[in-house]
Amino acid sequence: MELMSGRPRVLVVEDDADIAGVLRRSLDKEGYDVRVAGDGEEALEQIRAEGAPDVVLVDVVMPGMDGLTLCKRIRQDPATAQVPVIILSAYDGVLDKVRGKMAGSDRYLTKPFEPAALVRAVREFCPQGAR
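In short, a report on the structure. Bear in mind that the values here come from a model prediction, so they are computed numbers and not experimental data.

**Here's the deal with the overall build of the protein chain**
- From N to C terminus, the protein chain includes five helices and five strands.
- Listed by position from the N terminus, the elements making up the protein chain come as β-α-β-α-β-α-β-α-β-α.
- Over its C-alpha trace the protein chain gives a radius of gyration of 13 Å, about what one expects of a compact globule, namely 14 Å for 131 residues.
- The principal-axis extent of the C-alpha atoms belonging to the protein chain is close to 40 × 30 × 25 Å.
- When each of the 131 residues of the protein chain is scored for burial, the buried share is 48%.
- Summing over all exposed atoms, the protein chain offers an accessible surface of approximately 6700 Å²; the carbon and sulfur share of this is 53%.
- Taking the 18 positively charged and 22 negatively charged side chains of the protein chain as two groups, their mean positions are separated by 4 Å.

Structural data, given as structure tokens:
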């Protein structure tokens, strides 16, 4: 769902302000309208208030609702069930990636990652943001 700005909207759900800032800057300069939520509950509140974003980037480990639970909640809601979800995690084990897939994620990126890898992953699901 593009906002009136005409730019595709990406919701970044990340409790680390420094990482959220890097993600925001990397995607903003590529033409995306980036919103940030500090945890799963805040993300769901933003989605209810603003509508479904075009892509959601979700950290796994956060206070309150973790990223896997958020991913499941996004998949359970008919209004957001088709929104691509990219998991961002420091955990890179096979079981971690399987858990991400079972929660409904479309992609799993392991931290640390290069900003270019993040942009490529978002473009895969939302190419119209590319300049």
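**Quick word on the packing of helix H3 (residues 67-76) against helix H4 (residues 94-103)**
- Close contact between H3 and H4 brings their axes to 8 Å; oriented N to C, the two are set at 25 degrees. When the interaxial angle is binned, H3 and H4 end up roughly parallel. Across from Leu68, Cys71, Lys72 and Arg75 in H3, the residues of H4 making contact are Arg99, Gly100 and Ala103.
- In the contact of H3 with H4, the residues fall into three nonpolar, one polar and three charged.

**What about helix H1 (residues 17-28)?**
- The end-to-end C-alpha separation of H1 is 16 Å, in line with the 16 Å expected for twelve residues at 1.5 Å each.
- Residues Ala20, Gly21, Leu23, Ser26 and Leu27 constitute the buried set of H1.
- Buried residues belonging to H1 abut strand E1 (9-13), strand E2 (33-37), strand E3 (55-59), strand E4 (85-89) and helix H5 (115-125).

**Some words on the sheet that holds E2**
- Here five strands make up an open sheet; going across it, the order is E2-E1-E3-E4-E5 and the pairing parallel. Edge positions in the open sheet fall to E2 and strand E5 (107-110), since each of these has one partner strand only. Direction aside, neighbouring strands of the sheet carry axes that sit 20 degrees apart on average.
- Pairing geometry for E1 and E3, over four bridges, is parallel. Directly across from Val12, in E3, lies its bridge partner Leu57.
- Across the face of the sheet, H1 comes into contact with E1, E2, E3 and E4 while running at roughly 165 degrees to E2.
- Against the sheet, H5 touches E1, E3, E4 and E5, its axis set at about 175 degrees to E5.

What counts and how
- Think of each chain on its own: its residues are numbered from 1, step by step along the sequence as written.
- Since the coordinates come from a predicted model, pLDDT governs what is reported: local features require at least 70, and pairs of side-chain atoms require 80 or more to be given and counted, while whole-chain, interface and lining totals use all residues.
- Heavy atoms throughout the structure, all of them, feed into the side-chain values; hydrogens and water do not.
- Secondary structure elements are defined from DSSP: runs of H or I of at least 4 residues count as helices, runs of E of at least 2 residues count as strands, and each element is numbered from the N terminus.
- Taken over C-alpha atoms, the radius of gyration is set against a globule rule of 2.2 Å times the number of residues to the power 0.38.
- Three labels apply to residues, based on accessible area from a 1.4 Å probe with only protein chains included: buried if under 20% of the type maximum, exposed if over 50%, partly exposed otherwise in between.
- The Shrake-Rupley method, run with a 1.4 Å probe, gives the accessible areas here. Residue values count only the displayed protein chains as cover.
- Only four residue types enter the tally: Lys and Arg on the positive side, Asp and Glu on the negative side; His and the chain ends are excluded.
- Throughout, a charge is located at the NZ atom of Lys, the CZ atom of Arg, the CG atom of Asp or the CD atom of Glu.
- Here the axes come from fitting lines to C-alpha atoms, over the contacting stretch only for helices, and the angles between their N-to-C directions go from 0 to 180 degrees.
- Geometric relationships in this document are graded by angle, where less than 35 degrees denotes roughly parallel, more than 145 denotes roughly antiparallel, 65 to 115 denotes roughly perpendicular, and other angles denote oblique.
- Here a residue-residue contact requires only that any non-hydrogen atoms of the pair lie within 4.5 Å.
- Under the scheme applied here, ten amino acids are nonpolar (Ala, Val, Leu, Ile, Met, Phe, Trp, Tyr, Cys and Pro), four are charged (Asp, Glu, Lys and Arg), and all others, including Gly, are polar.
- Expected span, for any helix, means 1.5 Å times one less than how many residues it has.
- For two strands to count as paired, DSSP must find a minimum of two bridges between them.

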